[in-house]
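Fold and contact review
Now for the letters of each chain:
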Amino acid sequence: MKRAPGEFDIIRDYFASAPQGEGVALGIGDDCALLQVPAQGQLAASVDTLVAGRHFPVVADPAAIAARALRVNLSDLAAMNARPLWFTLALTLPGSDADWLQRFADGLLKTARQFGISLVGGDTTAGPLSITIQVLGQTLKPLCRGGARPGDSVYISGPLGGAAAALPVILGERTAEGETRRRAERAYYYPEPQFATAAAIAGLASSAVDISDGLLADLAHICTASAVSADVYLERLAIAPLARALAGEGALALAAAGGDDYQLCFTVPQARVPALQKLEQEVVAIGTLSPGEAEVRCWQNGRRWRASRTGYRHF
Ligand SMILES: [Mg+2]
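These numbers were taken from a predicted model, which means no experiment stands behind them.

This paragraph deals with the UniProt feature "domain: PurM-like N-terminal" (unreviewed entry) in the protein. According to UniProt, the "domain: PurM-like N-terminal" (unreviewed entry) feature falls on residues 29-138. The distance from the first to the last C-alpha atom of residues 29-138 is 24 Å, and the span holds 33% helix and 37% strand.

Shown next, in the form of structure tokens:
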């Protein structure tokens with residue numbers, strides 16, 4: 001197999017200026033990074049791959065792709081109430097386009113600085129464009145999927161449906177101009193990992209998950225892990241204004257079953273609901289849990305509602 005031109009230099013040339021933050025004894029440039037593991041809590045690790053043509057259009061702005069790749073990984077740390085520490089990058093590139101790489105690196109390192117996470121190593125390979133990021137963080141009070149119990153209330157951390165409504169714009173299937181296009185790009189490429197909400201609910205929530213594949217699909221993960229069923233009352237959902245603007249009547253289905261918003265879905269035992277209501281965070285109660293076989297039932301104004309699709313649309 002032939003290596004892409006300059007492959008050895010790519011990480012050094014474009015990413016070695018990455019900020020080396022807390023706990024980095026030795027960063028990019030040796031066979032391994034050396035990391036000082038925090039004395040307290042647990043290390044949270046997660047990895048995610050984004051493939052061109054499947055998770056983002058091939059022609060997308062490299063800075064936006066980079067931001068999204070890191071943010072979706074950060075969202076997994078947030079979902080577990082883990083503080084970001086370090087990440088590694090495996091980049092598969094069809095060629096070595098200096099301009100593309102520079103813009104990708106700028107977007108990636110800007111996002112890294114914003115969230116206080118250090119790039120500590122990487123690898124590049126020739127092949128179809130794909131981006132794999134592994135994140136590591138520290139958690140003192142982890143939030144897991146498996147702690148929910150019958151009777152707990154189900155919450156979301158914020159409005160849903162914006163990113164799914166933005167997807168046709170991102171894919172060029174639908175035109176949007178000016179401010180609407182800007183909001184669509186923001187919703188899809190710059191999801192906000194919910195670190196503040198996760199920290200606030202850590203002592204209260206019995207389970208949590210980040211909404212990557214759609215509320216109903218991700219709540220089903222909690223139900224499976226916790227062996228409970230859920231009833232969701234759709235009239236209570238917070239729907240993103242962008243979803244209403246772009247999808248009109250279809251906004252509710254996007255909020256229920258569309259993906260990519262990266263809000264949290266979490267559950268809270270009744271005894272802790274009063275404490276939750278005192279938080280600054282504007283969380284939204286959307287349903288309740290009952291004993292059962294991991295079924296997620298949806299209701300709209302007292303009538304059973306079924307999603308035409310229950311999760312993430314792969315394109
Ligand atoms: Mg996740």
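Strand order in the open sheet made by the 4 strands is S3-S6-S4-S5, with mixed pairing throughout. The strands lining the two open edges of the sheet, one partner per strand, are strand S3 (42-51) and strand S5 (118-126). Each adjacent strand pair in this sheet contributes to an overall mean axis angle of 15°, direction not counted. With 9 bridges connecting them, strand S4 (residues 83-93) and strand S6 (residues 130-139) associate as antiparallel partners. Bridging across to S6, Leu91 finds its partner in Ile131. Against the sheet, helix H2 (residues 62-79) engages S3, S4 and S6, with an angle of about 35° to S6.

Residue position: Ser130 is located in strand S6. In this structure, Ser130 is in contact with Thr49, Leu50, Val51, Ala90, Leu91 and Thr92, ignoring residues within four places of it in sequence.

With numbering aligned to this structure, UniProt lists the feature "binding site: Mg(2+) 1" (unreviewed entry) at Asp48 and Asp123. Take Asp48: it is sitting in strand S3. In this structure Asp48 touches Val72, Asn73, Ile131, Thr132 and Ile133, once residues within four positions along its chain are discounted. With respect to the helices and strands, the residue Asp123 is situated in strand S5. The class for Asp123 is partly exposed, based on a relative accessible area of 45%. Setting aside its immediate chain neighbours within four residues, Asp123 contacts Ile11, Leu89, Ala90 and Leu91.

Distances from the magnesium ion to its protein donors, Asp76 (OD) and Asp210 (OD), fall within 2.1 Å. Residue Asp76 is located in helix H2, and its partner Asp210 is located in strand S8 (residues 207-210); the two are separated by 134 residues in the primary sequence.

Core analysis: the biggest nonpolar cluster contains 84 residues, and Phe15, Phe104, Leu108 and Leu237 have the highest contact counts within it. Ranked by residues supplied to this core, first place goes to H2 with 9 residues. Both domain 1 (7-139) and domain 2 (153-305) contribute no fewer than three residues apiece to this core. If we ignore the near neighbours within four places in the chain, the residues touching Phe15 are Ile10, Ile28, Leu89, Leu91, Leu101, Phe104, Ala105, Leu108, Leu109 and Leu119. Core analysis: the second largest hydrophobic core is formed by 14 residues, Ala79, Ala198, Leu204 and Ala205 among them.

Let us now look at the confidence of the model for the protein. Per-residue confidence for the protein gives a mean pLDDT of 92, with 95% of residues at or over 70. Confidence over residues 1-5 falls short of pLDDT 50; this stretch has 4 contacts with residues more than four positions distant or in other chains.

In the contact formed by H2 and helix H3 (residues 98-115), the axes pass within 7 Å of each other and the chain directions differ by 35°. In the packing of H2 onto H3, the handedness of the crossing is right-handed. Within the contact between the two elements, H2 uses Pro62, Ala63, Ile65, Ala66, Ala67, Leu70, Arg71 and Leu74 and H3 uses Trp100, Arg103, Phe104, Gly107, Leu108, Thr111, Ala112, Gln114 and Phe115. Taken together, the residues that form the contact of H2 with H3 break down as 12 nonpolar, 3 polar and 2 charged.

Calculation notes
Residues numbered from 1 in each chain as written. Predicted model: local features only at pLDDT ≥ 70, side-chain atom pairs only at ≥ 80, totals over all residues. Heavy atoms only, no water. UniProt positions renumbered as here; feature names shortened; annotations may be inferred. Helix = DSSP H or I, 4+ residues; strand = E, 2+ residues; numbered from the N terminus. Pairing = 2+ DSSP bridges. Axes fitted to C-alpha atoms, helices over the stretch in contact; angles between N-to-C directions. Contact = heavy atoms within 4.5 Å. Buried < 20%, exposed > 50% of the residue type's maximum accessible area, 1.4 Å probe, protein only. Donors = N, O, S within 2.8 Å, 3.2 Å for Na, K, Ca; no water. Core = buried A, V, L, I, M, F, W, Y, C linked by side-chain atoms within 4.5 Å. Domains from an automatic or database assignment. pLDDT = per-residue confidence, 0-100. Left-handed = near helix turned anticlockwise from the far one by under 90°. Nonpolar A, V, L, I, M, F, W, Y, C, P; charged D, E, K, R; others polar.

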